[in-house]
Amino acid sequence: MNWIKTHWSVKKLFSNYVWDIPNNENKVYLTFDDGPTPEITEWTLNLLKEYNAKATFFCIGDNIRKYPEIFMKVIADGHSIGNHTYNHLNGWKTSTDHYTENAKLYETEHCKLSTEHCQLFRPPYGKIKPSQSKILRKLGYKIIMWDVISYDFDATITKEQCLENVLKNVQSGSIIVFHDSKKAFQNLEYVLPRTLEYLKEKGFVFEKIK
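Residues numbered from 1 in each chain as written. Predicted model: local features only at pLDDT ≥ 70, side-chain atom pairs only at ≥ 80, totals over all residues. Heavy atoms only, no water.

**Brief notes about the overall build of the protein**
At step 1: Per the secondary structure count, the protein includes 8 helices and 8 strands.
At step 2: For the protein, the C-alpha radius of gyration of 16 Å lies close to 17 Å, the compact-globule estimate for 210 residues.
At step 3: Across its three principal axes, the protein shows a C-alpha extent of roughly 45 × 40 × 35 Å.
At step 4: Going through the 210 residues of the protein one by one, you find that 52% of them count as buried.
At step 5: Roughly 10300 Å² of accessible area belongs to the protein as shown, and the carbon and sulfur atoms make up 51% of that amount. (Helix = DSSP H or I, 4+ residues; strand = E, 2+ residues; numbered from the N terminus. Rg over C-alpha atoms; globule rule 2.2 N^0.38 Å. Buried < 20%, exposed > 50% of the residue type's maximum accessible area, 1.4 Å probe, protein only. Areas by Shrake-Rupley, 256 points an atom, 1.4 Å probe, with all protein chains shown as cover.)

**Thoughts on the pattern of salt bridges**
Side chains that differ in sign of charge can pair as their charged atoms come close.
At step 1: For the structure shown, the criterion picks out 12 salt bridges.
At step 2: Asp20 serves as the salt-bridge partner of Lys11, at 2.8 Å between the closest nitrogen and oxygen.
At step 3: By relative accessible area, which is 17% here, Lys11 ends up buried.
At step 4: On the basis of relative accessibility, which here comes to 27%, the residue Asp20 falls in the partly exposed class.
At step 5: A salt bridge links Lys168 to Glu164, with the nearest nitrogen and oxygen atoms 3.6 Å apart.
At step 6: A relative accessible area of 65% means that Lys168 is categorised as exposed.
At step 7: One continuous salt-bridge network, built from bridges that share partners, spans Lys5, Lys11, Asp20 and Asp147. (Salt bridge = Lys/Arg side-chain N within 4 Å of Asp/Glu carboxyl O.)

**What to know about the packing of helix 5 (residues 96-113) against helix 6 (residues 130-138)**
The packing of two helices is summarised by the inter-axis angle and the distance between the axes.
At step 1: Where helix 5 contacts helix 6, the axes come no closer than 9 Å and their chain directions differ by 35°. Note that helix 5 runs across helix 6; the crossing there is right-handed. Two secondary-structure elements touch here, helix 5 through Thr96, Tyr99, Thr100 and Ala103 and helix 6 through Ser131, Gln132, Ile135 and Leu136. (Axes fitted to C-alpha atoms, helices over the stretch in contact; angles between N-to-C directions. Left-handed = near helix turned anticlockwise from the far one by under 90°. Contact = heavy atoms within 4.5 Å.)

**Examining the side chain of Glu109**
At step 1: Secondary-structure assignment places Glu109 in helix 5.
At step 2: The class of Glu109 is buried, set by a relative accessible area of 9%.

**As for the pairing of strand 2 (residues 56-59)**
At step 1: Of the two faces of strand 2, the one lined by Thr56 and Phe58 and the one lined by Phe57 and Cys59 are each fully buried.
At step 2: Pairing analysis gives 3 bridges linking strand 1 (residues 27-33) to strand 2, with the strands arranged parallel. The partner of Phe32 across the bridge, within strand 2, is Phe57.
At step 3: For the handedness criterion, the β-α-β arrangement of strand 1, helix 2 (residues 40-50) and strand 2 is classed as right-handed. (Pairing = 2+ DSSP bridges. Right-handed = clockwise from strand over helix to strand, strands pointing away.)

**Re the nonpolar core**
At step 1: Counting residues in hydrophobic clusters, the biggest one holds 56 residues, and the most contacted among them are Leu30, Phe32, Phe57, Phe178 and Leu196.
At step 2: Tallying contributions element by element places helix 8 (residues 182-201) first for this core, with 7 residues.
At step 3: For Leu196, the residues in contact, after removing those within four places along its chain, are Leu30, Leu47, Leu48, Tyr51, Ala53 and Phe206. (Core = buried A, V, L, I, M, F, W, Y, C linked by side-chain atoms within 4.5 Å.)

**Side note on the pairing of strand 7 (residues 175-179)**
At step 1: For strand 7, a buried count of 5 out of 5 residues is recorded, marking the element as mostly surrounded by other parts of the structure.
At step 2: Burial along strand 7 is two-sided: Ile175, Val177 and His179 facing one way and Ile176 and Phe178 facing the other are all buried.
At step 3: Two strands pair when backbone bridges link them, and strand 1 and strand 7 are joined in this way by 5 bridges, in the parallel orientation. Directly across from Phe32, in strand 7, lies its bridge partner Phe178.
At step 4: With 2 bridges connecting them, strand 6 (residues 148-149) and strand 7 associate as parallel partners. Residue Ile149 lies in a different strand from strand 7, and its bridge partner there is Val177.
At step 5: On the question of chirality, the crossover connecting strand 6 to the parallel strand 7 by way of helix 7 (residues 159-167) is right-handed.

Structure representation (structure tokens):
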């Protein structure tokens, strides 16, 4: 079963993961997975700048290798960076040793371009074994999940439904998932500006995860 808004029971069961960041200041946390991606990540950065919005980008290591200049733009614009493995691995289908080594391989690309240690990790597909999580947390990572997922990557839903997924479920402290990827862009291009405009009008503040 796919939840647009993560059920409280899941958050309680997996309390070692970060699902939201409760606060009384109307802060919400936009996150973008799977980049950096030519044109799409840059479009996203430009739009965020228009709204003075900070966000968190969970990057694929191999994409950093391919597009280092875009990765550096994300950093230069003051956003947070997170590890999304080197090859977008599904933890449930990957051995613990291979999975954690792949996450470490991400670090080699990150460290070539930034001296700031990456402390955030999001498992691709949200699928990670307890054994994998335990090792990554021992390495100093926070496992960042989400409160609301837009499903922008799902070609079977309309862009209007995608927008509704976000706006009907967001609240102060929500971590929201988007994707700066080619697959998601048809929906993202419609949803992100409307999300930013609506939430700004409602008094929300867009913060990065630290």
